Amino acid sequence: MLEIEAFADAAATPISGVVAKSLITHADSRGDLTEIYRKSWSIGSNTPVQWNVVHSAANVMRGVHLHLKHEDILTVLQGEMLLGLSDLRPSSPTHGTGAIVRMPADSPAMIAIPVGVAHGFYFPVPSIHIYGVDFDFDRTDELGCRWNEPGLGIDWPADDPILSERDTDAGSLAQLLDVAGLSE
Ligand SMILES: Cc1cn([C@H]2C[C@H](O)[C@@H](COP(=O)(O)OP(=O)(O)O[C@H]3O[C@@H](C)C(=O)[C@@H](O)[C@H]3O)O2)c(=O)[nH]c1=O
């Protein structure tokens, strides 16, 4: 399992194009304030055009999903996300690499997930995250496979997570690569 700092340097990130920025929280007697997004930080290739807020119960898994058109940039507001990543881009220098990044809300960060990098979100505790996308929601860009496909290289610390119907019915990684046109 990796900490977010591993993704701070775009030149040394374990998965090409997955770049993160730690966020600074300013606390005072009233509470705290954290900037979560500045266009000038250049997290992600494009400017988000849509933002979603998501509440998840403990032991929820979202994914594993793959987008070919839009990238996700996300931050965790409450709880903790274990972000599983798998680089499916044949032309990527880190093709085939899988990883899990720990994203606790009390150490906030914004991370970008480029197109072609499969990803899943696992929540060991009740959590809230928000994410931006650079295209409006389009179901045709919501590809995916079974969360625990061994070929993803994601060693999830979960056995029997709560899944959506769509994710329960998801196919194999081989089928995903075929549909996505990413088979070698
Ligand atoms: C993603 C999305 C979903 N929806 C609707 C569709 C559905 O009725 C309900 C829940 O959607 P889903 O089950 O697809 O949500 P979820 O499984 O959380 O999907 C997300 O998973 C993570 C891993 C990602 O990578 C995201 O990009 C997205 O794919 O919300 C929207 O209206 N707008 C949106 O932008």
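Residues numbered from 1 in each chain as written. Predicted model: local features only at pLDDT ≥ 70, side-chain atom pairs only at ≥ 80, totals over all residues. Heavy atoms only, no water.

The name recorded for the chain in an unreviewed UniProt entry is dTDP-4-dehydrorhamnose 3,5-epimerase, from Parasphingopyxis marina. Heading Catalytic activity (unreviewed entry) of the UniProt record for the chain holds this comment: "dTDP-4-dehydro-6-deoxy-alpha-D-glucose = dTDP-4-dehydro-beta-L-rhamnose". Note on the chain: under the UniProt heading Function (unreviewed entry), the record states "Catalyzes the epimerization of the C3' and C5'positions of dTDP-6-deoxy-D-xylo-4-hexulose, forming dTDP-6-deoxy-L-lyxo-4-hexulose." (UniProt positions renumbered as here; feature names shortened; annotations may be inferred.)

What is the right way to look at the site of the ligand in this model?
The ligand sits among 13 residues. The nearest are Gln50, Arg62, His65, His119 and Glu142. Between the ligand and Asn52 there is a distance of 3.2 Å, counted from an oxygen atom to a side-chain nitrogen or oxygen. At 3.0 Å from an oxygen atom of the ligand is found a side-chain nitrogen or oxygen belonging to Arg166. Taking 660 Å² as the accessible area of the ligand by itself, protein coverage stands at 68%. Looking at the shell around the ligand, the elements with two or more residues in it are β5 (50-56), β6 (60-66) and β11 (117-123). Taken together, the residues of the shell around the ligand sort by class into 3 nonpolar, 6 polar and 4 charged. (Near = heavy atom within 4 Å. Polar contact = N/O pair within 3.5 Å; in protein donor to acceptor, adjacent residues only side chain to side chain. Areas by Shrake-Rupley, 256 points an atom, 1.4 Å probe, with all protein chains shown as cover. Helix = DSSP H or I, 4+ residues; strand = E, 2+ residues; numbered from the N terminus. Nonpolar A, V, L, I, M, F, W, Y, C, P; charged D, E, K, R; others polar.)

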